[in-house]
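Understanding the architecture of this molecule
Here are the chains, one letter per residue:
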Amino acid sequence: IFTSGSTGRPKGAMNEHRGICNRLLWMQEQYGLCADDCILQKTPFSFDVSVWEFFWPLMAGARLVIARPEGHRDSAYLVELIRESGITTLHFVPSMLRVFLEEDGLEACTSLRRVICSGEALPHELQERFFAKLPEAELHNLYGPTEAAVDVTYWACQRGDERLTVPIGRPVANTQIYVLDAQ
């Protein structure tokens, strides 16, 4: 998988099958997709998020809708696709979520139940804007390097949370995290 990580320069990152399997099994246990769910696959194939966008709905028996090439760059198209296809779950990096939330017609995305954010820090004000625009949907903040099977921590954002920063949360199943300072 290719990632820019913290450097901004693309680099190849290895992933092991067992790490990806652990991640997918954890996602299913945590979020419980079912046959009524519909995942939007919009991430380019070379990026780590595309792995769960493809395989999670397939392993859980949910529907998978594949966006047109470069469709992830067109918020109006995404709003219409979510509405037409009954998308229940999708992913955004926070900078793309910010643009998406400014799109007209967002209120028509009534099928949307879960948005997963990762890849960048999720600002508190963006979390609050999300809940104001999509009051029926859940927002989840995930964090982790591609090399560690995409994400290693998760946090369920809460409406009205007064913290000024959105936590990265707790470790996913079968992982440990260590938060270190410069020393």
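Refer to the structure presented above.
Here the structure is a predicted model, which is why all the values come from computation and not from measurement.

About the thresholds
Residues numbered from 1 in each chain as written. Predicted model: local features only at pLDDT ≥ 70, side-chain atom pairs only at ≥ 80, totals over all residues. Heavy atoms only, no water. Core = buried A, V, L, I, M, F, W, Y, C linked by side-chain atoms within 4.5 Å. Buried < 20%, exposed > 50% of the residue type's maximum accessible area, 1.4 Å probe, protein only. Helix = DSSP H or I, 4+ residues; strand = E, 2+ residues; numbered from the N terminus. Contact = heavy atoms within 4.5 Å. Pairing = 2+ DSSP bridges. Right-handed = clockwise from strand over helix to strand, strands pointing away. Phe/Tyr/Trp six-rings, centres within 6.5 Å; stacked < 30°, edge-to-face > 60°. Lys NZ or Arg CZ within 6 Å of the ring centre and 35° of its normal. Axes fitted to C-alpha atoms, helices over the stretch in contact; angles between N-to-C directions. Parallel < 35°, antiparallel > 145°, perpendicular 65-115°, else oblique. Left-handed = near helix turned anticlockwise from the far one by under 90°. Nonpolar A, V, L, I, M, F, W, Y, C, P; charged D, E, K, R; others polar.

**A short note on the nonpolar core**
If you look at the biggest cluster of nonpolar residues, it comprises 30 residues, and the most contacted ones within it are Leu40, Leu97, Phe100, Phe130 and Leu139. The set of elements that each furnish at least two residues to this core consists of β3 (38-41), α3 (75-85), β5 (89-92), α4 (94-100), β6 (114-117) and α5 (124-133). Among the elements that line this core, the one with the most residues is α3, at five residues. Among all residues touching Leu139, those that are not within four sequence positions of it are Leu97, Val115, Cys117, Leu122, Gln127, Phe130, Phe131, Trp155, Ala156 and Cys157. Trp26, Trp52, Ala62 and Ala149 belong to the second-largest nonpolar core, a separate cluster that totals 17 residues.

**Some points on the pairing of strand β7 (residues 138-143)**
In this sheet, β7 lies alongside β6 in parallel orientation, the contact comprising four bridges. Along β7, the bridge assignment pairs Arg114 with Glu138. For the crossover from β6 across α5 to β7, the handedness is right-handed. In the sheet, β7 pairs with strand β8 (residues 153-156) via four bridges, with the strands oriented antiparallel. Residue Leu142 lies in a different strand from β8, and its bridge partner there is Tyr154.

**Looking at the packing of aromatic side chains**
This structure, assessed with the given rule, holds seven aromatic pairs. Ring geometry for Phe45 and Phe54: centres 5.4 Å apart, planes at 55°, overall tilted. When the centroid spacing of 5.7 Å and the interplanar angle of 70° are considered together, the rings of Trp52 and Trp56 count as edge-to-face. Of this pair, Trp52 and Trp56 both sit in helix α2 (residues 49-60), four residues apart, roughly one helical turn. There is no split in this pair, since Trp52 and Trp56 are both buried. A cation sits over an aromatic face here: Arg68 above Tyr77, 3.8 Å from the ring centre.

**Quick word on the side chain of His72**
For His72, the position within the fold is in the loop between β4 (63-66) and α3. According to the relative accessible area criterion, His72 is buried, its value standing at 14%. Once residues within four sequence positions are removed from consideration, His72 is found in contact with Lys42, Pro44, Leu78 and Met96.

**Points about α3**
Among the residues of α3, Ser75, Tyr77, Leu78, Val79, Leu81, Ile82 and Ser85 are the ones counted as buried. Turning to α3, the residues buried within the fold contact β3, β4, β5 and α4. One or two positions beyond α3, positive phi appears at Gly86, with a value near 70°.

**Comments concerning the packing of helix α1 (residues 17-31) against α2**
One way to put it is that α1 packs onto α2 with a least axis distance of 10 Å and a crossing angle of 60°. The orientation of α1 with respect to α2, classified from their angle, is oblique. Pair α1 / α2 crosses with right-handed handedness. The segment α1 lies against α2, with Ile20, Arg23, Leu24, Leu25, Met27, Gln28 and Tyr31 engaging Val51, Trp52, Phe55, Trp56, Met59 and Ala60. Residue classes in the contact of α1 with α2 are distributed as 11 nonpolar, one polar and one charged.

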